[in-house]
Amino acid sequence: MPNQWSPSSWRAHPIKQQPTWPDEGEYDAALKQIASMPPLVFAGEARSLQSALARVAAGNAFLLQAGDCAESFDDFSADNIREKLRVILQMAIVLTYSMGVPVVKVGRMAGQFAKPRSADTERVGDLDIASFRGHIVNDAAPTEAARIPDPERLVRAYHQSSSTLNLVRAFTKGGFAALDRVHAWNQEFVATSPQGQRYDRLGVEIDRALRFMAAIGMDTESNSSLREVDVWTSHEALLLGYEEALTRRDSTTGNWYDCSAHMLWIGERTRDLDSAHVEFLSGVGNPIGCKVGPSMTGEELIALCERLNPAMIPGRLTLISRMGADQVEDRLRPLLRAVRESGHPVVWACDPMHGNTYTAENGRKTRHFESVVNEIEGFVRAHRAEGTWPGGIHVELTGEDVTECLGGGDDVSDLDHRYETVCDPRLNGRQGLELAFRTAELVRGDATND
Ligand code: PEP
Ligand code: CO
């Protein structure tokens, strides 16, 4: 029988994807410092997010989880945070209006630093140097020195998360998110997109609805729900020492919460049933996610659901499928069926990014916009066939005008022009918004498939 859960019980389980810290003493001191810092989020907030996700699980809301593959220490500014948030808000309006359900907005933000890697080392010239594991661990520069894990980075990641979260809270409650403003940005996009006509109809409908509401006195001045939104934070709970240091007992319920973010997820590479990562997240009260890749079997998935959500609490567990556009329909259908038959009340979200990455001729890692759309299309089709709810999307994007993913309405083709990600290729702001329009068409069932 497993021992009782505690914030440190993961230490007795096999663990993958952890850096080798060169100086254990410095590492322990950094964790001790973080453990003494205030929590970044409050348990009550995590419970509110869980209630919102319960509505998604029941088919009455939609999850939009989006942000960087890896946040960067270098590319950290108010502009950057504001632009990312702006795209998320713009996407949310399109999705809300066209689906007629609330959109639960969760950023891959304010803590999304640590990266799992497919290999421990990378070949640079004739040297094998340690892989880059995210700015919370080491630096991306291709030198031996840059790749040495530095525990001071854990503390810096905490502080950067804290100021990012502060700005997110300020923007979302301070007027930046007002519905008419966000809609005006969307109209600007529709007017300037080569694919604009395709999205115009929805834009016009939203415009009419807003004018109707204003006419009957429901405007952003008089109604705070038109001016304020909730944007929650999330990241992959990869570095368990860091997560443990921010795990606190909630004084209201007596339960443990990982207060580094509202929602945490387990990556595709660390989701073994007996792993340290599954053990750790099984015991925190936050809503949690787990990536589900093409090798997952129905039996294994049900065992994971039982381990991560034995009480079958709706909204507690989000399964994030990342199959690849070619396989999503075939791979997902038996899993949807197995989970449905088990009675587990999960949220199903589609990560259309990680199964569609490839290396272009110039050596850049990229994804094609159409493969991303195709994976969402297959995801929706699988859900339609199984009678389940395609509950959300989980995407990597930035508000900046980068050229990291190919295609889209502006037909990005020159990856070198502005390739800035520290890890995986992200949709740029316009591609992100376009994806929301395309997703809305797919979920509404009026996609024209051209
Ligand atoms: C990620 O979400 O950035 C990631 C590494 O995904 P996955 O765990 O699906 O590989
Ligand atoms: Co990624």
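Residues numbered from 1 in each chain as written. Chains lettered and ligands numbered in written order. Predicted model: local features only at pLDDT ≥ 70, side-chain atom pairs only at ≥ 80, totals over all residues. Heavy atoms only, no water.

Together, D23, E24, E26, D28, D150 and E152 line one region of the surface with negative charge. In terms of residue count, helix α1 (residues 24-35) provides more of the negative patch than any other element does, three residues in total. The topology assignment puts D150 in the loop between β4 (127-130) and α4 (152-173). (Patch = residues over 30% accessible without salt bridge, like charges linked within 9 Å, V, L, I, M, F, W, Y side chains within 5 Å. Areas by Shrake-Rupley, 256 points an atom, 1.4 Å probe, with all protein chains shown as cover. Salt bridge = Lys/Arg side-chain N within 4 Å of Asp/Glu carboxyl O. Lys, Arg positive; Asp, Glu negative; His and termini not counted. Charge placed at Lys NZ, Arg CZ, Asp CG, Glu CD. Helix = DSSP H or I, 4+ residues; strand = E, 2+ residues; numbered from the N terminus.)

Below, the discussion takes up the site of ligand 1. The environment of ligand 1 is formed by C69, R108, K115, P116, W265, G267, E268, R269, K291, R322, H354 and E396. Between K115 and ligand 1, the recorded distance is 2.7 Å, taken from a side-chain N or O atom to an oxygen atom. Contact between ligand 1 and H354: an oxygen atom at 3.0 Å from a side-chain N or O atom of the residue. Coverage of ligand 1 by the protein chains reaches 98% of its 300 Å² of free accessible surface. Residue composition of the shell around ligand 1, by class: three nonpolar, two polar and seven charged. (Near = heavy atom within 4 Å. Polar contact = N/O pair within 3.5 Å; in protein donor to acceptor, adjacent residues only side chain to side chain. Nonpolar A, V, L, I, M, F, W, Y, C, P; charged D, E, K, R; others polar.)

What follows covers the environment of G283. Considering the arrangement of structural elements, one finds G283 in the loop between α8 (276-282) and β9 (288-292). G283 gets classed as partly exposed once you look at its relative accessible area, which sits at 23%. For the pair G283 and W5, spaced 278 residues apart in sequence, the C-alpha separation works out to 6.1 Å. Every residue in contact with G283, bar those within four places of it in the chain, is listed here: W5, W256 and R316. (Buried < 20%, exposed > 50% of the residue type's maximum accessible area, 1.4 Å probe, protein only. Contact = heavy atoms within 4.5 Å.)

The subject of this paragraph is the coordination of the cobalt ion (ligand 2). The protein atoms donating to the cobalt ion (ligand 2) are C69 (SG), H354 (NE2), E396 (OE) and D424 (OD), with metal-donor distances spanning 2.1 to 2.4 Å. The class for E396 is buried, based on a relative accessible area of 0%. (Donors = N, O, S within 2.8 Å, 3.2 Å for Na, K, Ca; no water.)

Take the packing of aromatic side chains next. Ring pairs (aromatic) are described by centroid distance and by the angle formed between their planes. Overall, the coordinates contain nine aromatic pairs when judged by the stated rule. Here W21 and Y27 contribute two aromatic rings whose centre-to-centre distance is 5.0 Å and whose plane-to-plane angle is 15°, an arrangement assigned as stacked. By relative accessible area, Y27 is classed as buried at 11%. Taking the centre distance of 5.2 Å and the plane angle of 50° together, the rings of F176 and W185 count as tilted. (Phe/Tyr/Trp six-rings, centres within 6.5 Å; stacked < 30°, edge-to-face > 60°.)

Glancing now at the sheet that holds strand β10 (residues 317-321). Taken together, eight strands build a closed barrel; the order of strands is β1-β2-β5-β8-β9-β10-β11-β14 and the barrel is parallel. Mean inter-strand twist for the sheet, computed between neighbouring axes without regard to direction, equals 25°. Both strand β5 (residues 231-236) and strand β8 (residues 263-266) contribute to a ladder of three bridges, which runs parallel. Opposite H235, over in β8, you have L264 as the bridge partner. With respect to the sheet, helix α11 (residues 369-386) is in contact with β10, β11 (347-350) and β14 (392-396), its orientation differing from that of β11 by roughly 150°. (Pairing = 2+ DSSP bridges. Axes fitted to C-alpha atoms, helices over the stretch in contact; angles between N-to-C directions.)

All right, on to the nonpolar core then. One finds L154, L319 and W348 to be the most contacted residues of the largest nonpolar core, which totals 112 residues. At 11 residues, helix α3 (residues 78-99) tops the list of elements feeding residues into this core. Sequence-distant contacts of L154, that is, excluding residues within four places in its chain, are made with W21, Y27, A30, L31, I34, I136, L239 and Y242. (Core = buried A, V, L, I, M, F, W, Y, C linked by side-chain atoms within 4.5 Å.)

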